[in-house]
Amino acid sequence: MKKQILLNAFNMNSVGHINHGLWTHPRDRSAEYKTLDYWTSLAKTLERGLFDGIFIADIVGVYDIYQNSVDLTLRESIQLPVNDPLLLVSGMAAVTRHLGFGITVNLNSEAPYLFARRMSTLDHLTGGRIGWNIVTGYLDSAARALGENGQAAHDSRYDRADDYLEVLYKLWEASWDDDAVRADKRARMFADPAKVRPIHHRGPFYQVDGYHLAEPSIQRTPVLYQAGTSGRGRQFAARHAECVFITATDKNAARTTSRILRQAVVDAGRRPDDIKIFVGITVIPDRSRQAAREKYDDYLRHASPEAGLAHFAASTGIDFSRYGLDDPISYGTSNAIQSATQLAEQRGWTKRQLLKELAVGGRYPVIVGDAGDVADELESWITEGEIDGFNLTRTVVPESYEDFIDIVVPALQDRGIYKTAYGEGSLRNRIFGEGDRLPARHAAAAFRGGSR
């Protein structure tokens, strides 16, 4: 049996996300992002296409590195304005039965005690379809808005994240026994006090004493996504992550990163297939190669390469507006997204080259072609890149997702590399096939059975 592709729609609760400027396209509806119908319609479309989930990115700061200003950010809506992603989930869950939800939340923006309840609530309301994309932040503007002088050093942000996760594991996995809830009306006992306990955490960053406020949900701990592939990020992923989102411009790079990640997972006492690896990708398909190329050219006419560059400036911490088109760029060491800086430095990209690369696709590969072309390329990424699936970026919405579903999905199904129906159970069970809860070899398991 062939390996089946896992697929998330990559999105954000904003007008602009990865492919900037396309909000100006006459068929694009992304400016309707602040309406519930926009999201519920999208959710139903994605479920029709058997997407495993919608992966919603988020930031809590603004992109103010380029030109030392937010002027271009506002003019082109470069992830500003951006609304809360968590509030979308209940509405989308209400109109779907299977679609999963991977939601980005910066752990520096909320106390772990309250965040634990929010995710348990969503796991209940979605019937076990919630996942959390763990981010530690990279924008100084976010840190300042949250009352700090600036971002902490890159590696120390992961030290804080380790401590944060330990608090969450104690709340999600240890505070309530599986059979604590009796809901016995005759005995007037909803929950058995002997089977519910407070946690007592004393860590380097967090001190928490308290009972988890929510009864155990289907998954207890949501599916854990993570996107850091720096050395410290890989260490964090090896211990905690179940789904890892990597940036790779070609299949060789994907294969190298995948092998390093899986080895780190094994070194942490887990199995290599305990993580699923996703690559971000942009697909522009049509019924013929010529039509697909014409569509791509049409999109390019509406794209804003400079907006893409401003986004990349925030990711690297480098103000590219200071450079001429062909000046050598000093990338240096970044306290922002290290993988982004390393990629640009390895390629030796000048400003001219960056503008070309970032017009459509951002830092992600772009596939343009008919159904067969796209299916060939996606299958090749899975086999040669040794990955498990894709985060499919949006271009013109909802057109880009509808085109993928109507044109590409049947071709993938004909090859036996994409499901023809959803599996049963929680999001975790459908991804890994080992039940609703984290396996015993995961770090969270150490806190079960009242261990705290």
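Structure's up top.
Residues numbered from 1 in each chain as written. Predicted model: local features only at pLDDT ≥ 70, side-chain atom pairs only at ≥ 80, totals over all residues. Heavy atoms only, no water.

### Brief notes about the overall build of the protein chain
For the protein chain, the helix and strand inventory stands at 15 helices and 13 strands. Overall size of the protein chain, expressed as C-alpha extent along the three principal axes, is 70 × 50 × 45 Å. Residues classed as buried in the protein chain amount to 58% of the 452 residues present. Of the side chains in the protein chain, 54 bear a positive and 58 a negative charge, and the two mean positions are spaced by 4 Å. (Helix = DSSP H or I, 4+ residues; strand = E, 2+ residues; numbered from the N terminus. Buried < 20%, exposed > 50% of the residue type's maximum accessible area, 1.4 Å probe, protein only. Lys, Arg positive; Asp, Glu negative; His and termini not counted. Charge placed at Lys NZ, Arg CZ, Asp CG, Glu CD.)

### Some words on the packing of aromatic side chains
Enumeration according to the criterion identifies 16 aromatic pairs in this entry. Joined through ring pairs, the aromatic side chains of Phe10, Phe55, Tyr225, Phe245 and Tyr364 make up one cluster. (Phe/Tyr/Trp six-rings, centres within 6.5 Å; stacked < 30°, edge-to-face > 60°.)

### Description of the pairing of strand 5 (residues 181–184)
The pairing of strand 5 with strand 6 (residues 189–191) spans two bridges and is antiparallel. Looking across to strand 6, one finds that Asp184 is bridged to Met189. (Pairing = 2+ DSSP bridges.)

### Some points on the pattern of salt bridges
Counting across every chain of the model gives 36 salt bridges. Close ionic contact of Arg259 with Glu386 constitutes a salt bridge, the shortest N to O distance being 2.6 Å. Pair noted here: Arg259 is in helix 8 (residues 251–267) and Glu386 is in the loop between helix 13 (371–385) and strand 13 (389–393), with a separation of 127 residues, a long-range link. Linked through salt bridges whose partners overlap, the residues forming this network are Lys2, Asp376, Glu379 and Arg415. (Salt bridge = Lys/Arg side-chain N within 4 Å of Asp/Glu carboxyl O.)

### Section: the pairing of strand 1 (residues 6–12)
Among the seven residues that make up strand 1, seven are buried, leaving the element largely enclosed by the rest of the structure. A two-sided burial pattern is seen for strand 1, the buried positions comprising Leu6, Asn8, Phe10 and Met12 on one face and Leu7, Ala9 and Asn11 on the other. Bridging between strand 1 and strand 13 involves five bridges; their strand directions are parallel. Within the sheet, the bridge partner assigned to Ala9 lies in strand 13 and is Leu392. With five bridges joining them, strand 1 and strand 2 (residues 53–57) adopt parallel strand pairing. Paired with Ala9 across the bridge in strand 2 is Ile54. Running through helix 1 (residues 36–48), the crossover from strand 1 to the neighbouring parallel element strand 2 is right-handed. (Right-handed = clockwise from strand over helix to strand, strands pointing away.)

### Quick look at helix 4 (residues 112–126)
The first and last C-alpha atoms of helix 4 sit 21 Å apart over 15 residues, in line with the 21 Å expected at 1.5 Å per residue. Taken residue by residue, helix 4 has Pro112, Phe115, Ala116, Met119, Ser120, Leu122, Asp123 and Thr126 as its buried positions. Down the axis, helix 4 shows its buried residues gathered within 160° of arc, on one side only. Tucked inside the fold, the buried residues of helix 4 contact helix 3 (89–94), strand 3 (100–106), strand 4 (130–135) and helix 6 (154–174). (Expected span 1.5 Å × (residues − 1). Arc of directions from axis to C-beta. Contact = heavy atoms within 4.5 Å.)

### Quick word on the nonpolar core
In this structure, Phe51, Ile54, Trp132, Leu378, Phe390 and Phe404 are the most contacted members of the largest nonpolar core, which totals 87 residues. Counting residues per element, this core draws most heavily on helix 6, at 10 residues. Formed by 37 residues, the second largest nonpolar core is a distinct cluster that contains Met12, Leu309, Ala310 and Tyr331. (Core = buried A, V, L, I, M, F, W, Y, C linked by side-chain atoms within 4.5 Å.)

### Quick notes on helix 9 (residues 289–302)
Taking 1.5 Å of rise per residue, 14 residues should cover 20 Å, and helix 9 covers 20 Å from first to last C-alpha, within 8% of that figure. Looking at helix 9, one finds that the buried residues are Ala292, Lys295, Tyr296, Asp298 and Tyr299. Axial view of helix 9: buried residues confined to an arc of 160°, hence all on one face. Turned more than 90 degrees off the buried face of helix 9, the exposed positions are Arg289, Gln290 and Arg301. Where the residues of helix 9 are buried, they touch strand 11 (276–285), strand 12 (366–369) and helix 14 (399–414).

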